[in-house]
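Coordinate analysis (summary)
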Amino acid sequence: MLAVKKLTGSSTIFNRGTRLMGNRFEISLVANDAIWAHTRIDSAIAEINRVDKLLSTFTEDSTINEINRNAGIKPVRVDAEIFRLVDRAVQISSLTDGTFDITYAAATTISLDDSANSAVTPTVTTFKKKLNLTNYTNVVLDFAAQTVFLKNKGMRIGFGAISRGYAADRAKYILQMEGVSSGVINAGGDLLTWGLQPDNTPWTIATADPTQANQPYADVKISNMAVATSYNTEKYTSINNNKITGDINPENGFPVSKIKSVSIITPGAELADAMATPIIAMGVNAGLYLINKLNQMACIIIDDHARVYTSKDISVMM
């Protein structure tokens, strides 16, 4: 759990919480005038709602649904914003060797169980079919025509893994354009900050063990950064009628249980959002190795023995 530690000085922190994109958002601004501050918050909320509608798959005429309907049929020309989002998502998939992937199979197309009520091990054919439908390499981008094409029928894309972070980035951009020099956007527990607190000190977070959410173990300075946290929640799956627990590594199908939580710290909320869950699937050593190779990115990992691991160049005040 992450919570901004707020201090007050000559200016005031104005904030408002509301439910957006299925999550609770809290927008906090440093300002001197309440009416001005809340008008700016209105602008941020409007932008978040715009992004929600843009990336929705619930609206029949949305661009995402048009791409999905034409999977295996033809490329779809999209606007620059959607095209750039898909392009960045594919790049993140490549960076994480497919651990992050916006593709998925249509519910009516495939199931891991070839027969309706069977508990047999999935066939090789079924796995090959699933690989064709949930594989970022089958997303074809034409930069000249600005089109997106899903190569196989039954493929789908969705932005659930990064939509919240992207909305926060966009809201921050709008607020800065309207003159807000300092603030925090809490998007369902993920944080995006810029500027300084009213007393001119950096924004910091209190980071806690997820099993002891009210007991912070460290303070981390996060001014002008985003922080996204993913938890290794207990999940069940059935392989040969044996229940196993833990998040599942999409590469090998085995549970990952050594990481309890990962917090990614990087300048943009979209990228932080995208990278948090893949690190859980990779494990401590591979996750730290990847993060340490990247510029302007850090992470804090807690394992299932409450041990804390940090990437290089991160300052944690215990």
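Below is a summary of the structure that appears in this document. Residue indices follow the written sequence of each chain, beginning from 1 at its first position. Where totals are concerned, whole chains, interfaces and linings use all residues; where local detail is concerned, this predicted model gives features only for residues with pLDDT of at least 70, and gives and counts side-chain atom pairs only at 80 or more. To obtain the side-chain values, all non-hydrogen atoms of the structure were used and water was disregarded.

1. Quick notes on the nonpolar core
- To form a nonpolar core, buried Ala, Val, Leu, Ile, Met, Phe, Trp, Tyr and Cys residues must be joined to one another through side-chain atoms within 4.5 Å. The cut-offs for exposure are 20% and 50% of the maximum accessible area for each residue type, with area from a 1.4 Å probe on protein chains only; residues under the lower value are buried, those over the upper are exposed, and the others partly exposed. Val-86, Val-139, Ile-157, Phe-159, Ile-264 and Met-275 are the most contacted members of the largest nonpolar core, which totals 70 residues.
- Contacts are residue-level and defined by heavy atoms, with any inter-residue pair within 4.5 Å sufficient. Discounting chain neighbours no more than four positions away, the residues touching Val-139 are Val-86, Val-90, Thr-103, Val-148, Phe-149, Leu-150, Met-155 and Ile-157.
- In terms of nonpolar packing, the next biggest core, distinct from the first, is built from 13 residues, Val-184, Ile-205, Ala-298 and Ile-300 among them.

2. Description of the sheet that holds strand 7 (residues 147-150)
- One open sheet accounts for three strands, arranged 4-7-6; its pairing is antiparallel. Each end of this open sheet is capped by a strand with a single partner; those strands are strand 4 (76-77) and strand 6 (139-142).
- Between any two strands, pairing holds if DSSP finds at least two bridges. Secondary structure is summarised from DSSP: a helix means a run of H or I of at least four residues, a strand means a run of E of at least two, and numbering begins at the N terminus for each. Here strand 6 runs beside strand 7; their pairing, made up of four bridges, is antiparallel. Opposite Val-140, over in strand 7, you have Phe-149 as the bridge partner.
- With respect to the sheet, helix 3 (residues 80-95) is in contact with strand 6 and strand 7, its orientation differing from that of strand 6 by roughly 130°. Here the axes come from fitting lines to C-alpha atoms, over the contacting stretch only for helices, and the angles between their N-to-C directions go from 0 to 180 degrees.

3. Overview of the packing of aromatic side chains
- Stacked, edge-to-face and tilted labels apply to pairs of Phe, Tyr and Trp rings (six-membered ring for Trp) whose centres lie within 6.5 Å, assigned for plane angles under 30 degrees, over 60, and everything in between, in that order. Overall, the coordinates contain one aromatic pair when judged by the stated rule.
- Each ring, one from Phe-83 and one from Phe-143, has its centre 5.1 Å from the other, and the planes form 85°; the classification is edge-to-face. In this pair, Phe-83 is assigned in helix 3 and Phe-143 in the loop between strand 6 and strand 7, connecting sequence segments 60 residues apart.
- Among the residues examined, Phe-83 registers a relative accessible area of 6% and is labelled buried.
- Look at Phe-143 and you get exposed, because its relative accessible area is 55%.

4. Focus: the environment of Pro-198
- Note that Pro-198 resides in the loop between strand 10 (190-194) and strand 11 (204-208).
- Sequence spacing of Pro-198 and Ala-31 is 167 residues, and the spatial spacing of their C-alpha atoms is 8.6 Å.

5. A few points about the packing of helix 3 against helix 6 (residues 269-282)
- Two numbers describe how helix 3 lies on helix 6: the axes approach to 11 Å, and their chain directions differ by 40°. The pairing of helix 3 with helix 6 is recorded here as oblique in orientation. Taken as a pair, helix 3 and helix 6 cross one another with a handedness that is right-handed. Of the residues in helix 6, those in contact with Leu-85, Arg-88, Ile-92 and Leu-95 of helix 3 are Glu-270, Leu-271, Ala-274 and Met-275.
- Residues are grouped as follows: nonpolar covers Ala, Val, Leu, Ile, Met, Phe, Trp, Tyr, Cys and Pro; charged covers Asp, Glu, Lys and Arg; every other residue, Gly included, is treated as polar. The residue makeup of the contact of helix 3 with helix 6, split by class, is six nonpolar, no polar and two charged. In what follows, roughly perpendicular refers to angles from 65 to 115 degrees, roughly parallel to angles under 35, roughly antiparallel to angles over 145, and oblique to any angle outside these ranges. Each crossing gets its hand from how the near helix is turned against the far one by less than a right angle, where anticlockwise is left-handed and clockwise is right-handed.

6. Quick notes on the pairing of strand 7
- Burial along strand 7 is two-sided: the face carrying Thr-147 and Phe-149 and the face carrying Val-148 and Leu-150 are both buried.
- Judged from the two bridges that link them, strand 4 and strand 7 form a sheet pairing that is antiparallel. Bridged to Arg-77 within strand 7 is Thr-147.
- Hairpin connection of strand 6 to strand 7: four residues between the antiparallel strands, including Gln-146 at a positive phi of 55°.

7. A short note on helix 1 (residues 34-54)
- Given a helix with a known number of residues, its expected span is that number minus one, times 1.5 Å. Compared with an ideal rise of 1.5 Å per residue, which puts 21 residues at 30 Å, helix 1 spans 30 Å between its outermost C-alpha atoms and is within 8% of the ideal.
- Along helix 1, the positions that sit buried rather than exposed are Ala-37, Arg-40, Ile-41, Ser-43, Ala-44, Ile-45, Glu-47, Ile-48, Val-51 and Leu-54.
- Packing partners of the buried residues in helix 1 comprise strand 2 (12-20), strand 3 (23-31), helix 2 (63-69), helix 3 and helix 5 (163-177).
- The definition of a polar contact used here is a pair of N or O atoms within 3.5 Å, where within protein one atom must be able to donate a hydrogen and the other to accept one, and adjacent residues in sequence count solely through side-chain atom pairs. One side-chain oxygen of the residue at the start of helix 1 lies 3.2 Å from the amide nitrogen of Ile-35, identifying that residue as Asp-33.

8. Quick look at the packing of helix 6 against helix 7 (residues 284-293)
- At a minimum axis separation of 7 Å, helix 6 and helix 7 run at an interaxial angle of 135°. The angle between the axes of helix 6 and helix 7 places the two elements in the oblique class. Contacts between helix 6 and helix 7 pair Met-275, Ile-279 and Met-282 from the former with Ala-286, Gly-287, Leu-290 and Ile-291 from the latter.
- For the contact of helix 6 with helix 7, the class distribution of residues is six nonpolar, one polar and no charged.

9. With respect to the pattern of salt bridges
- Salt bridges are counted wherever a side-chain nitrogen of Lys or Arg sits within 4 Å of a carboxyl oxygen of Asp or Glu. Under the counting rule described, the total for this entry stands at nine salt bridges.
- Across the pair Asp-42 and Arg-16 runs a salt bridge whose closest N-O atoms are separated by 2.8 Å. Separated by 26 residues along the polypeptide, Asp-42 in helix 1 and Arg-16 in strand 2 bring together distant segments of the chain.
- Asp-42 sits in the partly exposed class, given a relative accessible area of 41%.
- Among the salt bridges present, the one from Arg-50 reaches Glu-81, with a minimum N-O distance of 2.9 Å.

10. Some points on the side chain of Thr-193
- Position of Thr-193 among the secondary structure elements: in strand 10.
- Judged by relative accessible area, Thr-193 falls into the buried class, the value being 0%.
- A distance of 2.5 Å separates the side chain of Thr-193 from the backbone oxygen of Ile-222, its partner in a polar contact.
- In terms of polar contacts, Thr-193 uses its side chain to reach the backbone amide nitrogen of Asn-224, at 3.1 Å.

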